[in-house]
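One-letter residues, chain by chain:
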Amino acid sequence: MTPRQAPVRPWPFGLPLLHAIRRDPLGFPARLHAQHGDIARLKVLSTDAYYLFRPEAARQVLVNHHDDFAKDERVLEIMQSVHGANVITTEGALWERQRRMLAPAFAPKRIVACATLMAAAADECASRELPAEVGASTVVDVDGLTTRITMDVILRALFSYRYQPTEAAAVSTAIRALSRQLMREFFWPLQPVAWLPYPGRAEKLRNLAVIHKLIRARIEARRRDAANDASTTEDILGLMLAARDEQAEAPQKALSETEILDNCVGLFGAGHDTSATALTWWIGLMAMHPDIATRVRDEVRSLPEDHVLAVKEIAEAKLLSATIKEAMRLYPPSVATFSRRALRDVELDGQTIGKGALVIIPIWNLHHDERWFPEPGAFRPERFLPGAPALPRSAFMPFGIGPHFCLGQQFATVEMALIAARLIRHHDFSLDHRAALPAPEVTLVLKPRERLNVRFTRLEHA
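Residues numbered from 1 in each chain as written. Predicted model: local features only at pLDDT ≥ 70, side-chain atom pairs only at ≥ 80, totals over all residues. Heavy atoms only, no water.

## Remarks on the overall build of the chain
Here comes step 1: Secondary structure assignment for the chain yields 17 helices and 13 strands.
Here comes step 2: Since a compact globule built from 462 residues should have a radius of gyration of about 23 Å, the 22 Å found for the chain is in line with a globular shape.
Here comes step 3: When the backbone C-alpha atoms are referred to their principal axes, the chain occupies close to 65 × 55 × 40 Å.
Here comes step 4: For the chain, with 462 residues in total, the buried portion stands at 55%.
Here comes step 5: Contacts in the chain between residues at least 24 apart in sequence constitute 74% of all its contacts with a sequence separation of at least 6.
Here comes step 6: When the accessible area of the chain is evaluated, it comes to approximately 20600 Å², of which 54% is carbon and sulfur surface.
Here comes step 7: Considering the chain, the positive charge centre built from 57 side chains and the negative charge centre built from 54 side chains are found 3 Å apart. (Helix = DSSP H or I, 4+ residues; strand = E, 2+ residues; numbered from the N terminus. Rg over C-alpha atoms; globule rule 2.2 N^0.38 Å. Buried < 20%, exposed > 50% of the residue type's maximum accessible area, 1.4 Å probe, protein only. Contact = heavy atoms within 4.5 Å. Areas by Shrake-Rupley, 256 points an atom, 1.4 Å probe, with all protein chains shown as cover. Lys, Arg positive; Asp, Glu negative; His and termini not counted. Charge placed at Lys NZ, Arg CZ, Asp CG, Glu CD.)

## Some words on the UniProt feature "binding site: heme" (unreviewed entry) in the chain
Here comes step 1: Residues annotated by UniProt as "binding site: heme" (unreviewed entry) correspond here to Cys406.
Here comes step 2: By secondary structure assignment, the location of Cys406 is in the loop between helix H16 (363–367) and helix H17 (409–426).
Here comes step 3: Of the residues examined, Cys406 reaches a relative accessible area of 31% and is grouped as partly exposed.
Here comes step 4: In this structure, Cys406 is in contact with Arg99 and Phe399, ignoring residues within four places of it in sequence. (UniProt positions renumbered as here; feature names shortened; annotations may be inferred.)

## A short note on the confidence of the model for the chain
Here comes step 1: Scored by pLDDT, the chain comes out at a mean of 89, with 94% of its residues at no less than 70.
Here comes step 2: Strand S1 (residues 8–9) is the least confidently modelled element of the chain, averaging 46 in pLDDT, while helix H15 (residues 318–330) averages 97, the highest of any element.
Here comes step 3: Within the model, the stretch residues 8–13 combines pLDDT values under 50 with twelve contacts to residues more than four positions away or in other chains. (pLDDT = per-residue confidence, 0-100.)

## Examining the packing of helix H9 (residues 165–186) against helix H12 (residues 257–288)
Here comes step 1: The contact between H9 and H12 brings their axes to 12 Å, and the two run at 95°. When the interaxial angle is binned, H9 and H12 end up roughly perpendicular. Here H9 contributes Val171, Ile175, Arg176 and Ser179 to the contact with H12, which in turn contributes Phe268, His272 and Asp273.
Here comes step 2: Tallied by class, residues from the contact of H9 with H12 come to three nonpolar, two polar and two charged. (Axes fitted to C-alpha atoms, helices over the stretch in contact; angles between N-to-C directions. Parallel < 35°, antiparallel > 145°, perpendicular 65-115°, else oblique. Nonpolar A, V, L, I, M, F, W, Y, C, P; charged D, E, K, R; others polar.)

## Things to note about the packing of aromatic side chains
Here comes step 1: All chains considered together, the criterion is met by eight aromatic pairs.
Here comes step 2: Seen from their ring centres, Trp282 and Phe429 are 6.2 Å apart, and the 75° between their planes marks the pair as edge-to-face. One end of the pair, Trp282, is in helix H12; the other, Phe429, is in strand S10 (residues 427–431), and 147 residues separate them in sequence.
Here comes step 3: You can call Trp282 buried: its relative accessible area is 1%.
Here comes step 4: On the accessibility criterion, Phe429 (3% relative accessible area) is buried.
Here comes step 5: Three or more aromatic residues link up through ring pairs in this structure, and these residues are Trp281, Tyr331 and Trp364.
Here comes step 6: One cation-aromatic arrangement involves Arg99 over Phe405; the distance from NZ or CZ to the ring centre is 4.6 Å.
Here comes step 7: The residue whose ring lies beneath Arg329 is Phe373, and the NZ or CZ to ring-centre distance is 5.0 Å. (Phe/Tyr/Trp six-rings, centres within 6.5 Å; stacked < 30°, edge-to-face > 60°. Lys NZ or Arg CZ within 6 Å of the ring centre and 35° of its normal.)

## A word on the pattern of salt bridges
Here comes step 1: Evaluation of the coordinates by the stated rule reveals 30 salt bridges.
Here comes step 2: We note a salt bridge from Arg393 to Glu56, for which the minimum N-O separation is 4.0 Å. Note that Arg393 is positioned in the loop between H16 and H17 and Glu56 in helix H3 (residues 55–64), a separation of 337 residues in sequence.
Here comes step 3: The partner of Glu257 in a salt bridge is Arg223, and the shortest N-O contact between them spans 2.3 Å. Highlighted residues: Glu257 in helix H12 and Arg223 in helix H10 (residues 201–227), separated in sequence by 34 residues.
Here comes step 4: Accessibility expressed as a relative area gives 37% for Arg223, which makes it partly exposed.
Here comes step 5: The network of salt bridges with shared partners includes Glu124, Asp152, Arg156 and Arg162. (Salt bridge = Lys/Arg side-chain N within 4 Å of Asp/Glu carboxyl O.)

## Topic: the pairing of strand S2 (residues 39–44)
Here comes step 1: Where S2 meets strand S3 (residues 47–52), six bridges bridge the pair, whose relative direction is antiparallel. Considered in S3, the bridge of Lys43 is made with Asp48.
Here comes step 2: Between S2 and the antiparallel strand that follows it, S3, lie two residues; Leu45 among them carries a positive phi value of about 55°. (Pairing = 2+ DSSP bridges.)

## What to know about the sheet that holds strand S13 (residues 453–458)
Here comes step 1: Reading across from one edge, S5-S13-S10 is the order of the three strands in this open sheet, with antiparallel pairing throughout. What marks the edges here is a single partner per strand, and that holds for strand S5 (137–141) and S10. The mean angle between the axes of side-by-side strands here comes to 30°, regardless of whether they run parallel or antiparallel.
Here comes step 2: Where S5 lies against S13, five bridges are found, and the strand directions are antiparallel. Bridging across to S13, Ser137 finds its partner in Thr457.
Here comes step 3: This element, H17, spans S10 and S13 of the sheet and lies at about 90° to S10.

## Focus: the nonpolar core
Here comes step 1: Counting residues in each nonpolar core, the largest one holds 121 residues, and the members touching the most others are Phe268, Trp282, Leu320 and Phe429.
Here comes step 2: Ignoring anything within four residues of it in the chain, the contact list for Phe268 reads Met151, Ile154, Leu155, Leu158, Val171, Ile175, Ile211, Leu214 and Ile215.
Here comes step 3: The next biggest cluster of nonpolar side chains, apart from the first, holds 20 residues, and it includes Ile39, Phe338, Ala357 and Ile401. (Core = buried A, V, L, I, M, F, W, Y, C linked by side-chain atoms within 4.5 Å.)

## A word on the side chain of Gln181
Here comes step 1: As for its placement among the helices and strands, Gln181 is situated in helix H9.
Here comes step 2: The contacts of Gln181, once residues within four sequence positions are left out, are Trp188, Tyr198, Pro199, Gly200 and Lys204.

## Digging into helix H2 (residues 27–36)
Here comes step 1: Taken together, the buried positions of H2 are occupied by Gly27, Phe28, Pro29, Leu32, His33 and His36.
Here comes step 2: Residue Gly37 follows H2 closely and has a positive phi angle near 85°.

Okay, here's the thing in C-alpha cells:
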C-alpha cells in the first residue's frame, strides 16, 4: 500500500496540538490516520513529527535503521528525573554497557529459577485476599491485586525481599503519582530546570523519596550482609554487584553505586507495573468471556500444578498464551514510549525523514488496525493460536522490537502465564455490576480509568 503524502498541519506553535494529543492520546492518532494515511507529518514547535501507522515502517525505524534513530533526549531527560540513568533510560555506549552487564540476570535459566517465587507470590496474595472456601466469593479491585502480586515477584527477584502490606500501599500510590506526573511533563513545551519550582515538583520529590527509601534500604542491607560474610542468594541485585564488563577499562568494569540504584529503580518500576497492567486487563477479559475462561481453566488443569515441573508447559500453554497475547493486543501495557529522533536524513516509505525529526510509533493503533486484525475491538484469542493467519511483522509488539526490545520480556511472559494459571485454576471471574470494561487511560502504562472490580469465586480443587 503506497502511503499518501504526509501533510504538515498548520497549528500555531504546536501548543494546541500538544493539548489535543494529551487530551486524547489514543483517539487523536486514530483520527490523524483516518485523515492523512499511513504517514502523517505534524509541526510541533520547531520539530517535524511523523506518525507511522504501518508495521513495516515501524520495523524500519526500530530494526533496519535503528542506528539512524535514537530515543528522544528530552523524553530520556524526563524519564531520568524519576528513574535515573539506567538500562531503560539511556542511549549509546552507556546503554550498551549496562545492557551487556544486566543481560545475564534475565537469561532463560535464571527465569526458570524464578518460577518458585512467582508462584509463591501469587499463592500467598491469593490466600490473604481471595476466598478459600469452595463457593465463597469476594469483589476485588483487580489492578490492586495484580500490582501487589507482581510487586512481590519483582522485590523477591531483585532483592530476595518480601514486602510488608503497608509498604505495598505506599509504594503503589507513589508509582501511580509519578507516572501521572511524567505524562504531564511529556506534553510541556519546555522542560523546567530541576531545581526551580514547577507544577507537581514537590509531590514528585516526595513520591520519589518513597521509592528510593525502599530500594536504598535493600541495597544497604545487602552491603551489610557482604561485609559480615553473610551468605546471599543469586538475585538480580547480587548479580548486579558481581557483574563485570570485560570490555571496559578497570574503573568501569563494575557498575557504580549510582548505576546500581538507578537500575534497581528502573527494573522495579518497569518490572512490576507493566505485568500487573497486562494481568488486570486479562482478568477483566476472562470475566467478560466465561466460555473462553472455562477452556483456559481446563487447559491449565491438564498441566501439573507443581510450578517448577510445569513452568515450561504453562508458559507454552497454547490457549492461555493466546488469551494473554490478545489482552496485550487490545490493551498494550506500554503505549507512551515508542518514539525516536532521526540522527540523519532517512528515506522511509517514500518519505525523507529529516535529521532531527521525531518519529512516533502508535502501538495502540497498530494493534487496532483492521487490516491486520479484523474486528479489532473484539477479543479473539484465536488470532494467536497455531494455524491462524500470519500477521505482518511488527503488527504486534507489546514489548517492542529491535536492539531496545524489553530486557525483561521473557521474565514477564513466564511471570504472567504462571500468575494467570494459578488464579484461574482455582477461581471463577465475573464482572461485578458492570457490562463492559472501563475505558483505558494512558499514563506510562495503560490503566483502567475507573476501578475494575471483579468477583472472584472459589472453585472446587481440580
